[in-house]
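Tertiary structure, described
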Amino acid sequence: MSGDNEETQRAEETSMEEKDVQDKVISPEKSEEAKLKSRYPNLGNKPGGSDLLRKRLQKGQKYFDSGDYNMAKAKIKNKQLPTAAPEKTEITGDHIPTPQDLAQRKPSLVASKLAG
Amino acid sequence: MAGAGGGNSDVQWCFSQVKGAIDDDVAEADIISTVEFNHSGELLATGDKGGRVVIFQQEPESKNQPQCRGEYNVYSTFQSHEPEFDYLKSLEIEEKINKIRWLPQKNAAQFLLSTNDKTIKLWKISERDKRPEGYNLKEEDGRYRDLNTVTTLRVPVFRPMDLMVEASPRRVFSNAHTYHINSISVNSDCETYLSADDLRINLWNLEINDRSFNIVDIKPTNMEELTEVITAAEFHPNQCNTFVYSSSKGTIRLCDMRASALCDQHAKQFEEPEDPNNRSFFSEIISSISDVKFSHSGRYMMTRDYLSVKIWDLNMESRPVETYQVHEYLRSKLCSLYENDCIFDKFECCWNGNDSVVMTGSYNNFFRMFDRGYRQDVTLEASRENSKPRSVLKPRKVSTGGKRKKDEISVDSLDFNKKILHTAWHPLDNIIAVATTNNLYIFQEKLN
């Protein structure tokens, strides 16, 4: 009886040792994943999932509400409206976007340098 | 070591020309976004982020210089798309040209399709080398003549003039795409073409711009269930009923338009089985296919994902017949490539004229060629340092191990801002066009 227990114990230990060896040989991809997760612990487990894809589908979205803008202008009267910090790419919440925040895209009137 | 070439392992590549500004300060508008030869190879079109198209024409070979094929010089340039703002959806629409596709030439004029995120345009490029002279009622400069001075009648005649190349938009195909257009492809029937966005593919008739047929729709009823998007689509080169589209999950679906009007049911699905033990956070992202191209023969298709190029036999869906590693050394850099967004870069790929060699771009202004027959590959660099006329390009090597040999470059020294996303191969000759960020390089085979 006790002999059997010893044998199973030894078998478990060997298989655990094998697993240890396997863990040490991690693919470069998995070690990169570990690095990423240590930097961003809140990263979800579904990288290709809907969040990433929906961000991709929403490219180009700009928010400007002329009603909010005009009301804010009326309130502040002669003062200037606060402009967004240059790093902010999305304008949401309390900040009232102004036309300056949405950089006007002028068409390229200059000829391409490839044709120069 | 010899370069890779069309069936002959001794092809060496020489610098021929470079177009674009030399200065390092690159304006956004000058970023090249697409490169495409026409069907004869005589014309080479580029599109940029500023919505402009520049077309180069090959000079006829001169008898004085039999050792090189003609140079490409500017033929026409025009503003194809302009920035727009969709007020209803609060959406800014970039003028960047995503793709250019040439129509096969049917008459003296040339036609191409160019597209940005939302609108496709058919452009006619025509030459004018004669003009009518001798009007009865107008002077040569256009002013109307005093009728009292008109005493005789004459027939206006055409006289030669300096060549003028005019580009005019013949059709505008708009309002058919909710999402961003990534591909256009002209059908072999020369009457229809497809346009694909992230979730839908539409079929158009080149003559009719006020309606299109939706042939693929993968939008789920509930957007929360979205798992994959369409990344590229192309018509088969000679079967007008067949097209393929690739996805962000690494699958390619082949559809037959004879089966039904809506091709949501694929006829074939090409997918390489994945080893579940190797799966990581990055697996799906790097398996996303950025480009799909049929071979000229129509027997094979090639796909490009982040780290490799795969050749598929259309008769075998279970796995690719050939896989070529473009820059496997990046696998141990995926964390930083994810952080700087480079992991989302969309590289294109192309075939040579006889389908024996394939080419794709990489970082540090490197590009790679894989000779399928000779099983050789080569890494070359597009740089102004190798831009002496007809100088042979030296193969480059990235050192992966600890010891870096002389002339090798280490992975950490690679410049990830210098990416070659767009390349094109002349349909008949060994002439290639390689786009760096804002310069266009043309390389030719060394002819003795």
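Not measured: the values here are computed from a predicted model.

**A closer look at the overall build of chain B**
Helix and strand counts for chain B come out as 2 helices and 32 strands. Burial status across chain B gives 53% buried among its 448 residues. Look at the contacts in chain B between residues 6 or more apart in sequence, and 55% of them connect residues 24 or more apart. For chain B, the exposed area adds up to about 20800 Å²; of that, 46% sits on carbon and sulfur atoms. A distance of 4 Å separates the average location of the 55 positive side-chain charges in chain B from that of its 67 negative side-chain charges.

**Considerations on helix α2 (residues 28–39) of chain A**
Because each turn of an α-helix spans 3.6 residues, side chains separated by three or four positions end up pointing in the same direction. With 12 residues, α2 of chain A extends 17 Å from end C-alpha to end C-alpha; this agrees with the ideal 16 Å at 1.5 Å per step. Three or more residues of α2 of chain A are buried, namely Glu29, Glu32, Glu33 and Leu36 of chain A. Buried residues along α2 of chain A cover an arc of 105° about the axis, so they all sit on one side. Each element contacted by the buried residues of α2 of chain A is listed here: α1 (283–287) and α2 (334–339) of chain B.

**Digging into the environment of Ala433 of chain B**
Residues and elements named next belong to chain B. Looking at the element boundaries, Ala433 is found in strand β31 (residues 431–435). For Ala433, a relative accessible area of 0% corresponds to the buried category. Sequence separation between Ala433 and Lys346 is 87 residues; the distance between their C-alpha atoms is 18 Å. Once you skip the residues sitting within four places of it in the chain, Ala433 turns out to touch Val35, Phe37, Leu44, His422, Thr423, Ala424, Leu440 and Tyr441.

**Concerning the interface of chain B and chain A**
Taken together, the contact pairs 61 residues of chain B with 37 residues of chain A. Carbon and sulfur atoms make up 56% of the surface buried where chain B meets chain A, a total of about 4100 Å² over both sides. If you sort the residues of chain B by the area they bury against chain A, Glu92, Phe281 and Cys335 of chain B come out on top, with a joint share of 16%. Counting across the chain B and chain A interface gives 3 salt bridges. Where Asp30 of chain B meets Lys113 of chain A, a salt bridge forms, and the shortest distance between an N and an O atom there is 3.1 Å. Inspection of the chain B/chain A interface yields 11 residue pairs in polar contact (both at pLDDT 80 or more). Looking at the side of chain B that touches chain A, the element that brings in the most residues is α2 of chain B, giving 5 residues.

**Concerning the sheet that holds strand β26 (residues 366–371) of chain B**
Residue and element names in this part refer to chain B. Strand order in this open sheet of 4 strands is β24-β25-β26-β27, and the pairing throughout is antiparallel. Each of the sheet's edge strands pairs with one partner strand only, and the pair in question is β24 (349–351) and β27 (376–381). Strand after strand, the sheet turns through a mean of 20° between neighbouring axes, direction not considered. Alignment of β24 against strand β25 (residues 357–361), held across 3 bridges, turns out to be antiparallel. Across the sheet, residue Cys350 finds its bridge partner in β25, namely Met359.

**A word on unusual backbone geometry**
All names here are of chain B. Although it is not a glycine, Asn175 adopts a positive phi angle of roughly 65°. By the secondary structure assignment, Asn175 is in the loop between β11 (157–173) and β12 (183–186). One non-glycine residue with positive phi stands out, namely Asp355, at about 65°. Within the fold, Asp355 resides in the loop between β24 and β25.

**Quick word on the confidence of the model for chain A**
Residue and element names in this part refer to chain A. Considering every residue of chain A, the mean pLDDT works out to 65; 37% of them sit at 70 or more. Mean pLDDT across the elements of chain A ranges from a minimum in helix α1 (residues 2–24), with 51, to a maximum in α2, with 88. Per-residue pLDDT stays below 50 along residues 19–24; that stretch engages in 0 contacts with residues further than four places along the chain or on separate chains.

**Overview of the confidence of the model for chain B**
Segments scoring low in pLDDT should not have their predicted coordinates read at a detailed level. All names here are of chain B. Looking at chain B as a whole, the pLDDT averages 93, with 97% of positions reaching at least 70. In the predicted structure, residues 1–7 sits below a pLDDT of 50 and forms 30 contacts with residues beyond four places in sequence or in another chain. If you check the scores for this complex, the pTM reads 0.86 and the ipTM reads 0.73.

**Section: the pairing of strand β30 (residues 422–425) of chain B**
Across the two faces of β30 of chain B the burial is the same, with His422 and Ala424 of chain B and Thr423 and Trp425 of chain B all buried. Count of turn residues in the β30 of chain B/β31 of chain B antiparallel hairpin: 5 residues.

**Some remarks on the packing of aromatic side chains**
Residues and elements named next belong to chain B. Scanning the model with the defined rule gives 21 aromatic pairs over all chains in all. Arranged with centres 5.2 Å apart and planes meeting at 75°, the rings of Phe173 and Tyr193 form a pair that is edge-to-face. In this pair, Phe173 is assigned in strand β11 and Tyr193 in strand β13 (residues 192–196), connecting sequence segments 20 residues apart. According to the relative accessible area criterion, Tyr193 is buried, its value standing at 0%. Here the guanidinium or amino end of Lys138 rests over the ring plane of Tyr135, the centre of that ring lying 5.4 Å away. Stacked on the ring of Tyr300, the Lys or Arg Arg372 has its end atom at 4.7 Å from the ring centre.

**Quick word on the state of the cysteines**
Residues and elements named next belong to chain B. A full pass over the atoms with the stated rule returns 0 disulfides over all chains. Free of any disulfide, Cys190 has its nearest neighbouring cysteine sulfur in Cys240, separated by 10 Å. In this model Cys255 remains outside any disulfide bridge; the closest cysteine sulfur is found in Cys263, 5.2 Å from its own. Overall, Cys255 belongs to the buried group, its relative accessible area being 0%.

**Quick word on the side chain of Asp30 of chain B**
Relative to the elements of secondary structure, Asp30 of chain B occurs in the loop between β1 (13–19) and β2 (32–37). What makes Asp30 of chain B buried here is its relative accessible area of 10%. If we skip the residues at most four places from it in the chain, Asp30 of chain B touches Lys113 of chain A together with Asp48, Arg52, Thr437 and Asn438 of chain B.

**Focus: the pairing of strand β10 (residues 120–133) of chain B**
Residue and element names in this part refer to chain B. Inspection of the sheet shows strand β9 (residues 110–115) paired to β10 by 6 bridges, in the antiparallel sense. By the bridge assignment for β10, Ser114 is matched with Lys121. What sits between the antiparallel neighbours β9 and β10 is a turn of 4 residues. In terms of strand pairing, β10 meets β11 through 13 bridges, oriented antiparallel.

Rules of the game
- Residues numbered from 1 in each chain as written.
- Chains lettered and ligands numbered in written order.
- Predicted model: local features only at pLDDT ≥ 70, side-chain atom pairs only at ≥ 80, totals over all residues.
- Heavy atoms only, no water.
- Helix = DSSP H or I, 4+ residues; strand = E, 2+ residues; numbered from the N terminus.
- Buried < 20%, exposed > 50% of the residue type's maximum accessible area, 1.4 Å probe, protein only.
- Contact = heavy atoms within 4.5 Å.
- Areas by Shrake-Rupley, 256 points an atom, 1.4 Å probe, with all protein chains shown as cover.
- Lys, Arg positive; Asp, Glu negative; His and termini not counted.
- Charge placed at Lys NZ, Arg CZ, Asp CG, Glu CD.
- Expected span 1.5 Å × (residues − 1).
- Arc of directions from axis to C-beta.
- Buried area = accessible area lost by both parts, 1.4 Å probe.
- Salt bridge = Lys/Arg side-chain N within 4 Å of Asp/Glu carboxyl O.
- Polar contact = N/O pair within 3.5 Å; in protein donor to acceptor, adjacent residues only side chain to side chain.
- Pairing = 2+ DSSP bridges.
- Axes fitted to C-alpha atoms, helices over the stretch in contact; angles between N-to-C directions.
- pLDDT = per-residue confidence, 0-100.
- Phe/Tyr/Trp six-rings, centres within 6.5 Å; stacked < 30°, edge-to-face > 60°.
- Lys NZ or Arg CZ within 6 Å of the ring centre and 35° of its normal.
- Disulfide = S-S within 2.5 Å.

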